[in-house]
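Read off the chains here:
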Amino acid sequence: EKGGYDHFMLKEIYEQPRAIKDTYRGRLLADQGIIRMAGIDLNMEKFLNANRIIIVACGTSWHAGLVAEYIFEDLARIPVEVEYASEFRYRNPVITDKDVLIAISQSGETADTLAAIKLAKEKGAFVFGVCNVVGSSIARESDAGAYTHAGPEIGVASTKAFTTQITVLTLMALKLAKAKGVFSESRYHEYLTELETIPSKVEKALESNTLIEIIADVYKDSTNCLYLGRGYNFPVALEGALKLKEISYIHAEGYPAAEMKHGPIALIDEHMPVFVIATKKGHYEKVVSNIQEIKSRKGKIIAIVTEGDEQVRDLADHVIEVPETLESLTPLLTTIPLQLLSYHIAVMRNCNVDQPRNLAKSVTVE
Ligand code: F6R
């Protein structure tokens, strides 16, 4: 049942090229320049007339929501707010019938997310569900939706659900960008064709597994770790930290790289591993200067870089390469090494990778 892998989590990490392909199969028709998503087509007016999109989710799905905020605003120019479902539902939020609420949930059963969509519906918002489990409560309660088609996710730590959620949300943003006319034809085509190359680039990213095992062995006894990223890769830093916490029980925090100087830099000494996402596009030079600041305080630097990078290689203690892609698609690649790192560290610490203590696969209590 684990298909020859030691754990479901590892199997599911390796399934990502296939899962991402399954998610866009039948939807992404790159050569025809079409994205087919009935749930959007049938409700296009709701999206185009929306004052804003509110995304609600918990945990890893909330991180996918944060990535989506960057994508929707950057590509489709629609204002987005991302909320923890548990906070949103209890703070008397301002919701109108001009709002579109997107609920993201792997299980489709998370109690707080379900309650948040019920509240939004009562106030007249249009609710769109992005779920993995077909026929789940959130899928049924939503006005429309799109499934992620990741296949069953058994490991408690979410992996392929995250990358397929980002895939669906990217398709949505591209479709809306096209419909709004805010995207040039050539830029649209560039995105569509690049999205089709992602599964093979994820495959390539997975090839760093042996190197990552070596790095995991160096840092497995750490008691604290920092994860830094900027822009599209800030949510990836949060997700990297969450993965490490939940399965290896090492305290980890994710931060936007530029926030380091507002506090966390005080933590840095020779015992602090800092995982930095420093891919070429985006805020590369700024992240490089953050890396220099860490280095001058003797922090250990493990950097996720674009293939062929030399500048960061000179500064970092370890570098892990991922293939080059469009900036907004980098989270689909930079997440992969961080998943593998957490996995190997947890295995080396003899943790129960697939069923970490105190955690359940779907959180049906609030
Ligand atoms: C992290 C993890 C949790 C879930 C969260 C939301 O690896 O598994 O943080 O992401 O409980 O679950 P869903 O997506 O089912 O609503």
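The residue numbers shown here count from 1 along each chain, following its written sequence. Thresholds applied to this predicted model are a pLDDT of at least 70 for local features of residues and 80 or more for the giving and counting of side-chain atom pairs; totals over whole chains, interfaces and linings are not thresholded and use all residues. Side-chain metrics in this entry use all non-hydrogen atoms of the structure; hydrogen atoms and water are not considered.

- Looking at an unreviewed UniProt entry, one finds the protein named Glutamine--fructose-6-phosphate aminotransferase [isomerizing] and attributed to Maribacter aquivivus.
- Comment text from UniProt for the protein, heading Function (unreviewed entry), reads "Catalyzes the first step in hexosamine metabolism, converting fructose-6P into glucosamine-6P using glutamine as a nitrogen source."
- One UniProt comment on the protein, placed under Subunit (unreviewed entry), says "Homodimer." UniProt positions are given in the numbering used here, feature names are shortened, and annotations may be inferred rather than shown by experiment.

### Some details on the environment of threonine 113
Item 1. Helix numbering and strand numbering both begin at the N terminus, where a helix is a DSSP run of H or I of at least 4 residues and a strand a DSSP run of E of at least 2. By the element assignment, threonine 113 lies in helix H7 (residues 111-122).
Item 2. Counting along the chain gives 25 residues from threonine 113 to isoleucine 138, while the straight-line C-alpha distance between them is 7.8 Å.
Item 3. Residue contacts follow a heavy-atom distance rule, with two residues in contact if any of their heavy atoms lie within 4.5 Å. Beyond its immediate sequence surroundings of up to four residues, threonine 113 is in contact with Val56, Ala57, Cys58, Ala85, Ala103, Ile104 and Ile138.

### Topic: unusual backbone geometry
Negative phi is the rule for most residues except glycine; trans is the rule for most peptide bonds.
Item 1. With a phi close to 50°, asparagine 92 is a non-glycine residue in the positive phi region.
Item 2. Here asparagine 92 is to be found in the loop between helix H6 (85-88) and strand E5 (99-105).
Item 3. For asparagine 358, which is not a glycine, the phi torsion comes out positive at approximately 65°.
Item 4. Along the chain, asparagine 358 falls in the segment after helix H15 (331-348).
Item 5. By relative accessible area, asparagine 358 is classed as exposed at 78%. Throughout this description, buried means an accessible area under 20% of the type-specific maximum (1.4 Å probe, protein chains only), exposed means over 50%, and partly exposed covers the range between.

### Some words on the nonpolar core
Item 1. Put simply, buried Ala, Val, Leu, Ile, Met, Phe, Trp, Tyr and Cys residues joined by side-chain atoms within 4.5 Å make one nonpolar core. Ranked by internal contacts, the top residues of the largest apolar core, which has 91 residues, are Phe72, Ile102, Phe128 and Met172.
Item 2. No other element matches helix H9 (residues 160-180), which puts ten residues into this core.
Item 3. Apart from residues no more than four positions distant in its own chain, phenylalanine 72 is found in contact with Ile53, Arg77, Ile78, Val80, Ile102, Leu169, Met172, Ala173 and Leu176.

### Remarks on the packing of aromatic side chains
Any two aromatic rings considered together are summarised by their centre-to-centre distance and by the angle between their planes.
Item 1. Between 30 and 60 degrees the pair is tilted, below 30 it is stacked and above 60 it is edge-to-face, where a pair is any two Phe, Tyr or Trp rings, Trp via its six-membered ring, whose centres lie within 6.5 Å. Following the criterion strictly, the structure yields eight aromatic pairs and no others.
Item 2. Measuring from ring centre to ring centre gives 5.5 Å for tyrosine 5 and tyrosine 14, while their planes differ by 25°; the resulting arrangement is stacked.
Item 3. Judged by relative accessible area, tyrosine 5 falls into the partly exposed class, the value being 31%.
Item 4. Given the relative accessible area of 24%, tyrosine 14 is considered partly exposed.
Item 5. Between tyrosine 70 and tyrosine 232, the ring centres sit 5.6 Å apart and the planes meet at 45°, which makes this aromatic pair tilted. You can see tyrosine 70 sitting in helix H5 (residues 59-76) and its partner tyrosine 232 sitting in the loop between strand E8 (224-229) and helix H12 (234-248), a full 162 residues away along the chain.
Item 6. Accessibility expressed as a relative area gives 29% for tyrosine 70, which makes it partly exposed.
Item 7. Residue classification places tyrosine 232 among the buried positions, given a relative accessible area of 3%.

### Here we look at the sheet that holds strand E6 (residues 126-131)
Item 1. Spatial ordering of the open sheet is given by E4-E3-E5-E6-E7, a layout of five strands whose pairing is parallel. Each edge of the open sheet carries a strand with a single partner, namely strand E4 (80-84) and strand E7 (144-147). Sheet twist, expressed as the average angle between the axes of neighbouring strands with direction ignored, equals 20°.
Item 2. For two strands to be treated as a pair, DSSP must find at least two bridges joining them. With six bridges joining them, E5 and E6 adopt parallel strand pairing. In the strand pairing of E6, serine 105 is matched with cysteine 131.
Item 3. Here the axes come from fitting lines to C-alpha atoms, over the contacting stretch only for helices, and the angles between their N-to-C directions go from 0 to 180 degrees. Strand contacts of H5: strand E3 (52-57), E4 and E5, with the helix running at about 175° to E4, the strand carrying the most contacts.
Item 4. Against the sheet, H9 contacts E5, E6 and E7, and its axis sits at roughly 155° relative to E5.

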